[in-house]
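# Architecture at a glance
Residues per chain are reported as follows:
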Amino acid sequence: MTAGTSDPQAPRADVLAATVAGRPRIAGVLFDVDDTLVDTRGAFADAMAEVARVYLPHLPDERRGEVLATWRRDVGGHYRAYTRGEVSFRAQRMTRATELMAAFGGPELDDAAFDAWDVVFESAFAEAWRAFPEAADVVDALLAAGVPVGALSNAATDYQVRKLGAVGLGERVPMLVGVDVFGVGKPDPRVFLEAARRLGTVPAETLYVGDELDIDAGGAVRAGLLGAWLDRPGARRGGAHPEDPEAARAAGVAVLTTLEDVLALVGLGEPAARV
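In this text, all values refer to a predicted model and were calculated from it rather than measured experimentally.

Here the focus is the environment of Y159. Tracing the chain through its elements places Y159 in helix α8 (residues 157–166). C-alpha of Y159 to C-alpha of G178: the two residues are 19 residues apart in sequence and 9.1 Å apart in space. Once residues lying within four places of it in the same chain are set aside, the contact partners of Y159 are R93, E122, F125 and W129. At a separation of 2.4 Å, a polar atom in the side chain of Y159 contacts the side chain of E122.

Next up on the list: helix α6 (residues 111–127). For α6, spanning 17 residues, the distance from its first C-alpha to its last is 24 Å, which sits close to the expected 24 Å at 1.5 Å a residue. Buried residues along α6 sit in contact with α2 (40–55), α3 (64–73), α5 (89–103) and α8.

Turning next to the nonpolar core. Grouped together as the largest cluster of nonpolar side chains are 58 residues, with contacts concentrated most on V29, F31, L37, W117, L142, V209 and V262. At seven residues, the largest contribution of residues to this core is made by α2. Setting aside its immediate chain neighbours within four residues, L142 contacts V29, F31, V147, V149, V262, L263, V266 and L268. Core analysis: the next-biggest nonpolar cluster, separate from the first, contains twelve residues, L152, L199, Y208 and A220 among them.

We now examine unusual backbone geometry. Across the junction of K186 and P187, the peptide omega takes the value 15°, indicating a cis bond. Tracing the chain through its elements places P187 in the loop between β3 (175–177) and α9 (189–199). In this structure, D35 takes a positive phi of about 65° despite not being glycine. With respect to the secondary-structure elements, D35 resides in the loop between β1 (28–31) and α2. Using a relative accessible area of 8% as the deciding quantity, one classes D35 as buried.

Moving on: the packing of α6 against α8. Relative placement of two packed helices is described by the angle separating their axes and the distance separating the axes. Put simply, α6 and α8 touch, their axes get as near as 11 Å, and they point 45° apart. It follows that α6 is oblique to α8 by the angle criterion. Contacts between α6 and α8 pair E122, F125 and A126 from the former with Y159, R162 and K163 from the latter.

Attention shifts here to the side chain of Q92. Mapped onto the elements of the fold, Q92 is located in helix α5. Ignoring any residue separated from it by four or fewer positions in sequence, one finds Q92 in contact with H78, Y79, Y82 and V87.

A word on α8. Looking only at α8, the buried set comprises T157, Y159, Q160, K163 and L164. Seen from one end, α8 has its buried residues packed into an arc of 155°, which puts them on one side. Exposed residues pointing more than 90 degrees away from the buried face of α8 are listed as D158 and A166. Each element contacted by the buried residues of α8 is listed here: α5, α6, β2 (149–152) and β3.

Overall, parallel pairing links the six strands, which are arranged β3-β2-β1-β4-β5-β6 in an open sheet. Each edge of the open sheet carries a strand with a single partner, namely β3 and β6 (254–256). Across the sheet, the mean angle separating the axes of adjacent strands is 30° when strand polarity is ignored. Two elements, strand β4 (residues 206–210) and strand β5 (residues 226–230), share four bridges in a ladder whose sense is parallel. Its bridge partner lying in β5, V209 is registered against A228. Sheet strands touched by α8: β2 and β3. Its angle to β3, the strand with the most contacts, is close to 155°. Lying on the sheet, α9 is in contact with β1, β2, β3 and β4; it crosses β3 at an angle near 135°.

This part is about the pairing of β1. Looking down a regular strand, the side chains alternate between one sheet face and the other. Neither face of β1 is left uncovered, since the one carrying G28 and L30 and the one carrying V29 and F31 both have all their residues buried. Strand direction decides the pairing type here: β1 and β4, joined by four bridges, are parallel. Looking at the pairing, G28 lines up with T206 of β4. Bridge count for β1 against β2 is three bridges, and the pairing is parallel. Following the sheet pairing, L30 is matched in β2 by G150.

Among the secondary structure elements, V54 is positioned in helix α2. Along the primary structure V54 and G106 are separated by 52 residues, whereas in three dimensions their C-alpha atoms are 9.8 Å apart.

Turning our eyes to something else, we now look at the pattern of salt bridges. By the definition in use, this model includes 21 salt bridges. R80 is the salt-bridge partner of D214, the closest N and O atoms lying 2.7 Å from each other. One end of the pair, D214, is in helix α10 (residues 213–222); the other, R80, is in helix α4 (residues 78–83), with 134 residues separating them in the sequence. A salt bridge links R84 to E86, with the nearest nitrogen and oxygen atoms 2.8 Å apart. You can call R84 partly exposed: its relative accessible area is 47%. Counted as one network, the salt bridges with shared partners bring together D32, K186 and D216.

Each value, and the rule that gives it
Residues numbered from 1 in each chain as written. Predicted model: local features only at pLDDT ≥ 70, side-chain atom pairs only at ≥ 80, totals over all residues. Heavy atoms only, no water. Helix = DSSP H or I, 4+ residues; strand = E, 2+ residues; numbered from the N terminus. Contact = heavy atoms within 4.5 Å. Polar contact = N/O pair within 3.5 Å; in protein donor to acceptor, adjacent residues only side chain to side chain. Expected span 1.5 Å × (residues − 1). Core = buried A, V, L, I, M, F, W, Y, C linked by side-chain atoms within 4.5 Å. Buried < 20%, exposed > 50% of the residue type's maximum accessible area, 1.4 Å probe, protein only. Axes fitted to C-alpha atoms, helices over the stretch in contact; angles between N-to-C directions. Parallel < 35°, antiparallel > 145°, perpendicular 65-115°, else oblique. Arc of directions from axis to C-beta. Pairing = 2+ DSSP bridges. Salt bridge = Lys/Arg side-chain N within 4 Å of Asp/Glu carboxyl O.

All we've got here are geometric facts, nothing functional implied.
Below, the structure written as structure tokens:
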């Protein structure tokens, strides 16, 4: 079977294995944090609901979902500019908040107003952090099999340490590399190579799993790691984000629909579903 197959009857394990056929065994697994181990989309939904309640009380209920979608798409690419070291974290968030308020008829945000806005956002966001239901079991299965795991994220290290701790994964998934290590994040090859070094595995035997095709799985493959794109049903961002499964497979990326598929890739179980 070829990497680009879309045979709906093919066992998922075959489809996944085709993307890594002929490559070395998987000796270690690196995970993205947001929307991979942690349901950040769900947390954003709570945060945006609170922002809308406080700052957009005029907005009809049927439009509240647009606020979340607009935030996640980030069509201006402000967060990615932060991960390239072009702007500060505060600057990108303030720009996004200002644009969001303008798009939905909210108030203008100067520095002081943004600080208050950010307290509303961040309080609701952090309160809603939850791990995906299967995350702990997958991590535990890997560790029980002697496969080391770690996290590589485009957020700041300390922030992600706090997040992983809050969802109960902190002691099992060490936060290895954040955007602050080099001042840039994924898809810069340095962050993938450094994460593999800290994990103690060679890049060619290290699997990176993330929810964004281009900067996560694609970046990992370009850095010499194995890449897996976690394409959960209903979770795509849309907009400028590349999200084509066939293009992913053609680029040597494994396409997963659940974290449980990681175990099939590593050889620790059957795939969770069929494609």
